[in-house]
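Structural characterization, general
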Amino acid sequence: MKEKRDWIDHIVDNVYANCDKREIVLWGKYDQSDNIKERLEKRYGLKISFYVDSDAKRIDDVYIRPKQCLEGRANQYYVVVPLGFYQSIKDDLVSWGYRKDLDYFYFSDCIVHDTEDYYEDLHGNKLFGKHKNLKLCFRGFNAVIKLGREVHLHDCAIYVHSNSKLEIGDGTEIEKCSVFVGDDASLLVGSNGKFFGEGSLGATAESLLKIGNDFTVGTRYTLTAGKGTECIIGRDCMFSMDIILMTNDGSHSIFDVETRKNINSTREINKKRKIIIGNHVWVGIRATILYNTLIGDGSIIGAESLVKNKIPNNCIAAGNPAKVIKKNIAWCRAEDSKDIGECGEAYIHFTDDNI
């Protein structure tokens, strides 16, 4: 079992050890930097003076200032950089007189190897596969990323946390996607997938999101496995646009006032929450699939349906909530087909109502 270490705590402890009564400045304002700010205040009573950013659109000259304000002021400011590694940020700090760790702490500035098809850092994070120009941020320790052959990631951002696993199979193409893998989580994408347009893939802490081979999905999709849950999608599935898959209630808690107990997000409840989608399933535009869903092989989910139940194989289900409206069907990707054999003999079956 790998040691569990919190990367935010690691940053906070290093800042406390090295800031030496200087003003503390955070590079980049986003959720994780706000988390660092909060922990520095609660744990050590240290305040963040302001943020800096390279993006002129975010600068207000009060809370978020241009990065140039740091130049030559290493004796006044201690700079914290919780972003993925950018050589330009390090070059700026060094040219302005800042020394690593002594004057700035850059969590991701710890690379041991970074070649065309392999990456490793001092935090135990590793990446196998070609990753040139990939926007990548290791937010923790001992994560592993494996990219297959001929994987194409266009304008994607990947964020992986401690003890996590991300695997993308041979020949898969993903564009304009935000990929998130939380602590102790796994996100596994099969071979020859096609992810078109903007979207997000997420496996939050201790969860599993697994997508089979030959998967396709249209733009504006959100496929998320919530904390401690599972979402498993079979092979040769075809998802349309605006698809949402969620295995929890959005990371919020619901209580029974009478018993005063959490009724929706305990560890025990999360373990039971799953989405299981069989092989060769077609999901129509703007469909939403929630936890406690099982969809059998070869079925079709109609447009704008809400699914949170069991749907048998080789049927069409539609509506809110989705109900079976036609049984004993088979489908294929080809338009105007005259041969049922194009559906694949493995997916031509009568509906089994005993699912």
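Residues numbered from 1 in each chain as written. Predicted model: local features only at pLDDT ≥ 70, side-chain atom pairs only at ≥ 80, totals over all residues. Heavy atoms only, no water.

Let's talk about the overall build of the protein
For the protein, the helix and strand inventory stands at four helices and 35 strands. Referenced to the eigenvectors of the C-alpha coordinate spread, the extents of the protein come out at roughly 75 × 55 × 40 Å. Out of the 355 residues belonging to the protein, those deemed buried represent 46%. By element, 49% of the accessible surface of the protein is carried by carbon and sulfur atoms, the whole surface being about 18000 Å². The distance from the centre of the 48 positive side-chain charges to the centre of the 52 negative ones in the protein is 4 Å. (Helix = DSSP H or I, 4+ residues; strand = E, 2+ residues; numbered from the N terminus. Buried < 20%, exposed > 50% of the residue type's maximum accessible area, 1.4 Å probe, protein only. Areas by Shrake-Rupley, 256 points an atom, 1.4 Å probe, with all protein chains shown as cover. Lys, Arg positive; Asp, Glu negative; His and termini not counted. Charge placed at Lys NZ, Arg CZ, Asp CG, Glu CD.)

Focus: the sheet that holds strand β14 (residues 173–175)
Sheet architecture is open: nine strands sit in the order β11-β14-β17-β20-β23-β28-β31-β34-β35, paired in mixed fashion. Pairing within the sheet leaves two strands with one partner each, and these edge strands are β11 (152–154) and β35 (322–327). In terms of strand pairing, strand β31 (residues 300–301) meets strand β34 (residues 315–319) through two bridges, oriented parallel. Bridged to Ile-300 within β34 is Ile-316. (Pairing = 2+ DSSP bridges.)

Quick word on the packing of aromatic side chains
Per the counting criterion, the structure on display carries eleven aromatic pairs. Ring centres of Trp-7 and Phe-107 lie 5.3 Å apart, and the angle between their planes is 65 degrees; on these two criteria the pair is classed as edge-to-face. Here the residue Trp-7 occupies a position in helix α1 (residues 7–18), and Phe-107 occupies one in the loop between β5 (104–106) and β6 (111–115), the gap between them amounting to 100 residues. Assessed through its relative accessible area of 2%, Phe-107 is described here as buried. Aromatic side chains Tyr-118 and Phe-128 sit 5.3 Å apart centroid to centroid with 55 degrees between the ring planes, which places their arrangement in the tilted category. Here Phe-128 lies in strand β8 (residues 126–128) and Tyr-118 lies in strand β7 (residues 118–121), a separation of ten residues in the sequence. (Phe/Tyr/Trp six-rings, centres within 6.5 Å; stacked < 30°, edge-to-face > 60°.)

Details of the pattern of salt bridges
Taken as a whole and judged by the stated rule, the model has 23 salt bridges. Residues Asp-53 and Arg-58 are paired through a salt bridge, measuring 3.3 Å at the closest nitrogen-oxygen approach. By relative accessible area, which is 11% here, Asp-53 ends up buried. Asp-249 is the partner of Arg-273 in a salt bridge, and the nearest nitrogen-oxygen pair spans 3.3 Å. Here Arg-273, found in the loop between α4 (267–272) and β27 (274–277), pairs with Asp-249, found in the loop between β24 (244–246) and β25 (255–256); they are 24 residues apart in sequence, far enough to count as distant. Asp-249 gets classed as partly exposed once you look at its relative accessible area, which sits at 30%. If you follow the salt bridges from partner to partner, you end up with Asp-6, Asp-9, Asp-13, Arg-39 and Arg-43 in one network. (Salt bridge = Lys/Arg side-chain N within 4 Å of Asp/Glu carboxyl O.)

Some details on the environment of Tyr-98
Mapped onto the secondary structure, Tyr-98 falls in the loop between α3 (87–95) and β5. Those residues in contact with Tyr-98 that sit more than four places away from it in its chain are Leu-70, Arg-73, Ala-74, Tyr-77, Val-79, Leu-93, Asp-103 and Tyr-104. Reaching out from Tyr-98, the side chain makes a polar contact with the backbone oxygen of Arg-73 at a distance of 3.4 Å. (Contact = heavy atoms within 4.5 Å. Polar contact = N/O pair within 3.5 Å; in protein donor to acceptor, adjacent residues only side chain to side chain.)

Notes on the pairing of β6
Two elements, β6 and β7, share four bridges in a ladder whose sense is antiparallel. Residue pairing for β7: Asp-114 is matched across the bridge by Tyr-119. In this antiparallel pair of consecutive strands, β6 and β7, the connection spans two residues.

With respect to the pairing of β7
Strand residues, when the strand is regular, have side chains that alternate between the two faces of the sheet. Only one face of β7 is buried, namely the one carrying Tyr-119 and Asp-121, since none of Tyr-118 and Glu-120 on the opposite face is buried. Where β7 meets β8, three bridges bridge the pair, whose relative direction is antiparallel. Looking at the pairing, Glu-120 lines up with Lys-126 of β8. Hairpin geometry of β7 and β8 is characterised by an intervening segment of four residues between the two adjacent antiparallel strands and by a positive phi of about 85 degrees at Gly-124.

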